Amino acid sequence: HQFIDKDLMGKTIVIANQKGGVGKTTTTINLAASLALAEKDILVIDTDPQGNLTSGLGVNRDELQKSLYDIYTSRFPIEDVIIETSVPHLHIVPSNIDLLGVEVELVQKEGREKILLNAIAKIKNNYRYIFIDCPPSLGLLTLNGLVAADSIIVPVQCEYYSLEGLGLLSRTLKLVRGSFNPTLDIEGILLTMFDSRNTLSHQVAEEVRKFFKEKVYHTLIPRNVALGEAPSHGKPAILYDARSKGAQSYLSLAKEILSR
Ligand code: ADP
Ligand code: MG
């Protein structure tokens, strides 16, 4: 094993938080695009039946030939489902509302927690990073993401109720480590939708740093109009408005991750 060059091996990172609207999908799109811009081969996997990652990268979720649903139900192997996006070096496993059936259809299936892990194993080293975007719940789809990943990025919105959710997430991580994925690491905690004029934003940021210490990224993602608008144009912010503070913040996050 000592001869393996870690830089040539893919790393799988899950973006998870059971709360909705905290910036999971925005982070997946913009971090992935920033790394792809640095000519790293990147794969993103949309595991939310809402398909926001899919549409946010300009793929029509209502006209998919194949999707993540086909991987969960063993209809097609992952290499048949992966498609290119308009961003060079950035590929996607798309999803749409079909995926909603999976939680029910697979209740009885043996090894249902490891379907994504097994699918990724075959293509893992074709990519420098694989990012898994999760739905806002702790069901089977999120569990598959946590089991498949080497590490987790947790986006935390800079508002009061965010802190409550972190306890639940810590317990879930403990459970996953104790059962299916003992080596799941915290890649980083990302403070999102930061508003520098808002005292509460500063207080939440301070609390999160107190608790998670050096695990919290130096990069703060500001609340920014371009980040909110870009998905409706099917583009990452870096291609919609490269000079926006939002696009620039995800570029610095990418640099921070590459230098860690
Ligand atoms: P999640 O995937 O966790 O549900 P999203 O990434 O979809 O959250 O973000 C929720 C909404 O907030 C989306 O409409 C998104 O465009 C918007 N949004 C996310 N991050 C920001 C930000 N930093 N500034 C402004 N709007 C944002
Ligand atoms: Mg989302």
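How each quantity is defined
- Residues numbered from 1 in each chain as written.
- Chains lettered and ligands numbered in written order.
- Predicted model: local features only at pLDDT ≥ 70, side-chain atom pairs only at ≥ 80, totals over all residues.
- Helix = DSSP H or I, 4+ residues; strand = E, 2+ residues; numbered from the N terminus.
- Rg over C-alpha atoms; globule rule 2.2 N^0.38 Å.
- Buried ≥ 20, exposed ≤ 12 C-beta atoms within 10 Å, placed from the backbone.
- UniProt positions renumbered as here; feature names shortened; annotations may be inferred.
- Pairing = 2+ DSSP bridges.
- Contact = placed C-beta atoms within 7 Å.
- Axes fitted to C-alpha atoms, helices over the stretch in contact; angles between N-to-C directions.
- Near = placed C-beta within 6 Å.
- Nonpolar A, V, L, I, M, F, W, Y, C, P; charged D, E, K, R; others polar.
- Core = buried A, V, L, I, M, F, W, Y, C linked by C-beta atoms within 7 Å.
- Parallel < 35°, antiparallel > 145°, perpendicular 65-115°, else oblique.
- Left-handed = near helix turned anticlockwise from the far one by under 90°.

**Side note on the overall build of the chain**
(1) Moving on: Across its full length, the chain holds twelve helices and seven strands.
(2) Moving on: The globule rule puts the C-alpha radius of gyration for 260 residues at 18 Å, and the 17 Å found for the chain is close to it.
(3) Moving on: Dimensions of the chain, computed from C-alpha atoms along their principal axes, come out at roughly 50 × 45 × 40 Å.
(4) Moving on: Across the 260 residues in the chain, those meeting the buried criterion constitute 44%.

**Here's the deal with the UniProt feature "domain: AAA" (unreviewed entry) in the chain**
(1) Moving on: Listed under "domain: AAA" (unreviewed entry) in the UniProt record, and renumbered for this structure, are residues 11–186.
(2) Moving on: Structurally, residues 11–186 comprises 37% helix and 17% strand, and the distance from its first C-alpha atom to its last is 13 Å.

**Details of the sheet that holds strand β6 (residues 151–157)**
(1) Moving on: The seven strands lie next to each other as β3-β4-β2-β5-β1-β6-β7, forming an open sheet whose pairing is mixed. Both outer strands of the open sheet, β3 (83–84) and β7 (185–192), are each paired with one neighbouring strand and no more.
(2) Moving on: The sheet contact formed by β3 and strand β4 (residues 90–93) spans two bridges and is antiparallel. Directly across from Glu84, in β4, lies its bridge partner His91.
(3) Moving on: Lying on the sheet, helix α1 (residues 24–37) is in contact with β1 (11–15), β2 (42–46), β4, β5 (129–133), β6 and β7; it crosses β5 at an angle near 165 degrees.

**Observations regarding the site of ligand 1**
(1) Moving on: Within the structure, ligand 1 sits among 18 residues, and Lys24, Thr25, Thr26, Leu227 and Gly228 are positioned closest to it.
(2) Moving on: Looking at the shell around ligand 1 element by element, the count peaks at three residues for α1.
(3) Moving on: Considered class by class, the residues forming the shell around ligand 1 number six nonpolar, ten polar and two charged.

**Remarks on the environment of Ser55**
(1) Moving on: Of note, Ser55 is situated in helix α2 (residues 52–56).
(2) Moving on: When the 19 C-beta atoms within 10 Å are taken as the criterion, Ser55 is described as partly exposed.
(3) Moving on: Spatially, the C-alpha atom of Ser55 lies 23 Å from that of Pro222, the residues being 167 residues apart in sequence.
(4) Moving on: Among all residues touching Ser55, those that are not within four sequence positions of it are Arg61, Pro231 and Gly234.

**With respect to helix α7 (residues 140–148)**
Every α-helical turn comprises 3.6 residues, leaving residues that sit three or four positions apart pointing alike.
(1) Moving on: For α7, the tally of buried residues reaches eight of nine residues, placing the bulk of the element in the interior.
(2) Moving on: Among the residues of α7, those classed as buried are Leu140, Leu141, Thr142, Leu143, Asn144, Gly145, Leu146 and Ala148.
(3) Moving on: Among the structural elements, β1, α5 (102–105), α6 (115–121), β5, β6 and α8 (162–178) are those in contact with the buried residues of α7.

**Let's talk about the nonpolar core**
(1) Moving on: In terms of nonpolar packing, the biggest core is built from 69 residues, with Val14, Ala32, Ile42, Phe131 and Ile132 touching the most fellow members.
(2) Moving on: With six residues, α1 is the single largest residue contributor to this core.
(3) Moving on: Contacts of Ile42, omitting those with residues within four sequence positions, involve Ala32, Leu35, Ala36, His89, Leu90, Tyr127, Arg128 and Tyr129.

**Digging into the pairing of β6**
Consecutive side chains of a regular strand alternate in pointing toward one face of the sheet and then the other.
(1) Moving on: Across the seven residues that make up β6, a large majority, six, are buried.
(2) Moving on: The pairing of β1 with β6 spans three bridges and is parallel. Note on β6: the bridge partner recorded for Val14 is Ile152.
(3) Moving on: As judged from the seven bridges shared by β6 and β7, these two strands associate in the parallel manner.

**With respect to the packing of α1 against helix α12 (residues 245–259)**
(1) Moving on: For the pair α1 and α12, the least separation of the axes is 8 Å and the interaxial angle reads 65 degrees. Compared by their axis directions, α1 and α12 come out roughly perpendicular. Crossing geometry of α1 relative to α12 is assigned as right-handed. Counted together, Asn30, Leu31, Ser34 and Leu35 of α1 and Tyr250, Leu251, Leu253 and Ala254 of α12 form the full contact between these two elements.
(2) Moving on: Each residue belonging to the contact of α1 with α12 can be placed in one class, and the counts come to six nonpolar, two polar and no charged.

**Things to note about the environment of Thr172**
(1) Moving on: As for its position among the elements, Thr172 is in helix α8.
(2) Moving on: A C-alpha to C-alpha distance of 14 Å links Thr172 and Pro136, two positions 36 residues apart in sequence.

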